[in-house]
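Structural characterization, general
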Amino acid sequence: MADFDLAIIGGGINGTGIARDAAGRGLRVVLVEQNDLASGTSSASSKLIHGGLRYLEQREFRLVQAALREREVLLRSAPHLIRPLRFVLPINQARRSAMLLRLGLLLYDWIGWRKILPGTREIDLVTDEAGLPLKPRFHHAFEYSDCFADDARLVVLNAVDAAERGAAIRTRTRCVRAERTDVWRLVLNARGRREVVTARVLVNAAGAWIESFAELVLRQPPRHRLRLDKGSHILVRRLFEHDRAYILQTADRRVVFAIPFERDFTLIGTTDRAFTGDPSNVLPAGEEIEYLCGVASEYFRVPVGSADVVWAFAGVRSLYDDGARKPQDIGRDYALILDERFGEAPILTVYGGKITTYRSLAEDVLDRLSHFYPRSRPWTASSRLPGGDFPYDGLDALIEQSQTRWPFLSANFARRLVRAYGARVDRVLGNATARADLGIDFGADLTAAEVRYLMTEEWAQTTDDVLWRRSKLGLRLSADETAALDRFMTQANGATA
Ligand SMILES: Cc1cc2nc3c(=O)[nH]c(=O)nc-3n(C[C@H](O)[C@H](O)[C@H](O)COP(=O)(O)OP(=O)(O)OC[C@H]3O[C@@H](n4cnc5c(N)ncnc54)[C@H](O)[C@@H]3O)c2cc1C
């Protein structure tokens, strides 16, 4: 008998989502991630849980509708990580007519299956505060709803839930060889330690690496169905005071978002360029930064230049190539390719997908594999992710309760912790009665208690895991503070090795 019913390659949003769904159905699951969870594309997205207004123009109605439906499902399942966000779309007649935008948004609202999110309205930028940071030539705008998420933490919490339902989550473990007989025999390399596991079914959810994994590890002939497309974001000091985002129409018929981020910043993105090369090594190019600054400067009164950029990051979309020519015209929908042969263990490859659709994608994967397993029912649509068991509009109440229980928490500290851990904040703070009970303060309210929690419960091993994926405190810690955190984590890793 195989060790596992299902082995999954890739600890991004798709791999962890599939692991969670499968483990919840009682399957024996192992997930293998070569680096940290969400170290690939899943921490480099625009972090929107959205239908994708722009995809309506490309007539991707099925994708848009499926994605729009997921917004409120995900919002209810993780109200700490996901929040509703209003988008201001300034009318720019040179780009698209007001009539076209109105029709698009009407359709977006109509197919959007909204119970929580408010619908579209028109706003006067002369009187509404959303007009203040914009150049005076923009008089009117539409305002509509989507959601914003902490993409990397969404991945981690799917992994936490999968593990609590019995899945084995192996981070910093690379699958280097796979032999296919009536079961899969996988050779794993965990930082030099070799291990072999067997599984009845294999899922290749390696994102931008799916084809290199197929060629180098599975030793399959090249398929060339994968199109890689790079997207970059920049972060600047906050450009406006309110909590809405902007969607800016560009001269090349794209859109760029400007989103309030981590209280003090504005996130601006994204670009869209064909990519070749190693997906582990993807960085924003100077010209992409210039492009994003240019778009922002066209709309905002205060010009944005590359010297204003405090952080930039890039990721690679993996798209299923359906033959379209321009990167922006290739479908954003996902494709699941099942390869089953008589007498040989099956493999399913996941092409594409979005953060927004990961839950329904996982459901589709389990549906495609259903004939290999005992009958089971979809269950994730009405479930909560760890810490998400409170009402979708109950975040402020939870923050207040936390400050009552731990009076030493400042408003910002409480908000950050509740946003990250939701109703599980007690697992981080425990019975602390004073700030000093949380141990060393590394800076920006990051304490030893929280770091220990991240290391024992969320697979954090390095400062990058803590500062850029489990949180975004990398924006606030100095080099000396990061070095102190590094020493602490190295010592803690040594103690558990
Ligand atoms: C710029 C940009 C903006 C985006 N914005 C949005 C958005 O706003 N909303 C939205 O819904 N979607 C968005 N997306 C899409 C979304 O981010 C991706 O579809 C999603 O993150 C893909 O997840 P994944 O799990 O397939 O891949 P990944 O997150 O890349 O995970 C694959 C994992 O496989 C691992 N791996 C590879 N080979 C091996 C091996 N041999 N052994 C073990 N592990 C291996 C990698 O290390 C990696 O962590 C955006 C994408 C980009 C690039």
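Going by the structure above, here's the rest.
Here's a quick rundown of the structure. (Residues numbered from 1 in each chain as written. Predicted model: local features only at pLDDT ≥ 70, side-chain atom pairs only at ≥ 80, totals over all residues. Heavy atoms only, no water.)

1. Topic: the side chain of Asp-109
- Locating Asp-109 in the fold gives a position in helix H4 (residues 98-110).
- Judged by its relative accessible area of 17%, Asp-109 falls in the buried class.
- A polar atom in the side chain of Asp-109 sits 2.8 Å from the backbone nitrogen of Thr-120.
- If sequence neighbours within four positions are ignored, Asp-109 has contacts with Arg-114, Gly-119 and Thr-120. (Helix = DSSP H or I, 4+ residues; strand = E, 2+ residues; numbered from the N terminus. Buried < 20%, exposed > 50% of the residue type's maximum accessible area, 1.4 Å probe, protein only. Polar contact = N/O pair within 3.5 Å; in protein donor to acceptor, adjacent residues only side chain to side chain. Contact = heavy atoms within 4.5 Å.)

2. Re the nonpolar core
- In this structure, Leu-6, Ile-18, Ile-82, Val-203, Val-365 and Leu-369 are the most contacted members of the largest nonpolar core, which totals 51 residues.
- The biggest single contributor to this core is helix H5 (residues 151-164), with 8 residues.
- Dropping the residues within four chain positions of it, Val-203 is found in contact with Leu-6, Ala-7, Ile-8, Ile-9, Ile-18, Leu-348, Val-350, Val-365 and Leu-369.
- Within the second largest apolar cluster, 33 residues are counted, among which are Leu-395, Leu-409, Ala-414 and Met-455. (Core = buried A, V, L, I, M, F, W, Y, C linked by side-chain atoms within 4.5 Å.)

3. Some remarks on the packing of helix H10 (residues 411-421) against helix H12 (residues 448-457)
- Running from amino to carboxyl end, H10 crosses H12 at an angle of 10°, the nearest separation of the two axes being 14 Å. Taken together, H10 and H12 sit at an angle that is classed as roughly parallel. Each of Arg-416, Leu-417 and Tyr-421 in H10 lies in contact with H12, whose residues at this interface are Glu-450, Tyr-453 and Leu-454.
- Among the residues forming the contact of H10 with H12, the class breakdown is 4 nonpolar, no polar and 2 charged. (Axes fitted to C-alpha atoms, helices over the stretch in contact; angles between N-to-C directions. Parallel < 35°, antiparallel > 145°, perpendicular 65-115°, else oblique. Nonpolar A, V, L, I, M, F, W, Y, C, P; charged D, E, K, R; others polar.)

4. Overview of the site of the ligand
- Surveying the vicinity of the ligand reveals 37 residues, the closest of which are Glu-33, Ser-42, Leu-48, Gly-353 and Thr-356.
- Contacts to the ligand include Ser-46, whose backbone N or O atom sits 2.9 Å from a nitrogen atom.
- Contact between the ligand and Ile-355: an oxygen atom at 2.9 Å from a main-chain N or O atom of the residue.
- Computed on the free molecule, the ligand has an accessible area of 1,000 Å², of which 96% lies beneath the protein chains in the complex.
- Elements with a contribution of two residues or more to the shell around the ligand: helix H1 (13-24), strand E8 (174-180), strand E11 (226-237) and strand E16 (309-320). (Near = heavy atom within 4 Å. Areas by Shrake-Rupley, 256 points an atom, 1.4 Å probe, with all protein chains shown as cover.)

5. Considerations on the pairing of strand E10 (residues 193-204)
- As paired strands, strand E1 (residues 4-9) and E10 are joined by 5 bridges and run parallel to one another. Across the sheet, residue Ile-8 finds its bridge partner in E10, namely Val-203.
- Across 7 bridges, the pairing between strand E9 (residues 184-190) and E10 is antiparallel. Of the residues in E10, the one forming a bridge with Ala-190 is Arg-193.
- Turn length for the E9-E10 hairpin, with the two strands adjacent in sequence and antiparallel, is 2 residues, and the turn residue Arg-191 shows positive phi of about 45°.
- Pairing of E10 with strand E18 (residues 344-351), which is carried by 3 bridges, proceeds in the parallel orientation. (Pairing = 2+ DSSP bridges.)

6. Quick look at helix H9 (residues 395-405)
- Leu-395, Leu-398, Ile-399 and Ser-402 are the residues of H9 that are buried. Viewed along the axis of H9, the buried residues span an arc of 100°, placing them on a single side of the element. Exposed and oriented more than 90 degrees from the buried face of H9 are Glu-400 and Thr-404.
- Contacts from the buried residues of H9 go to H10 and helix H11 (425-429). (Arc of directions from axis to C-beta.)

Any link to function would need more than the numbers given here.
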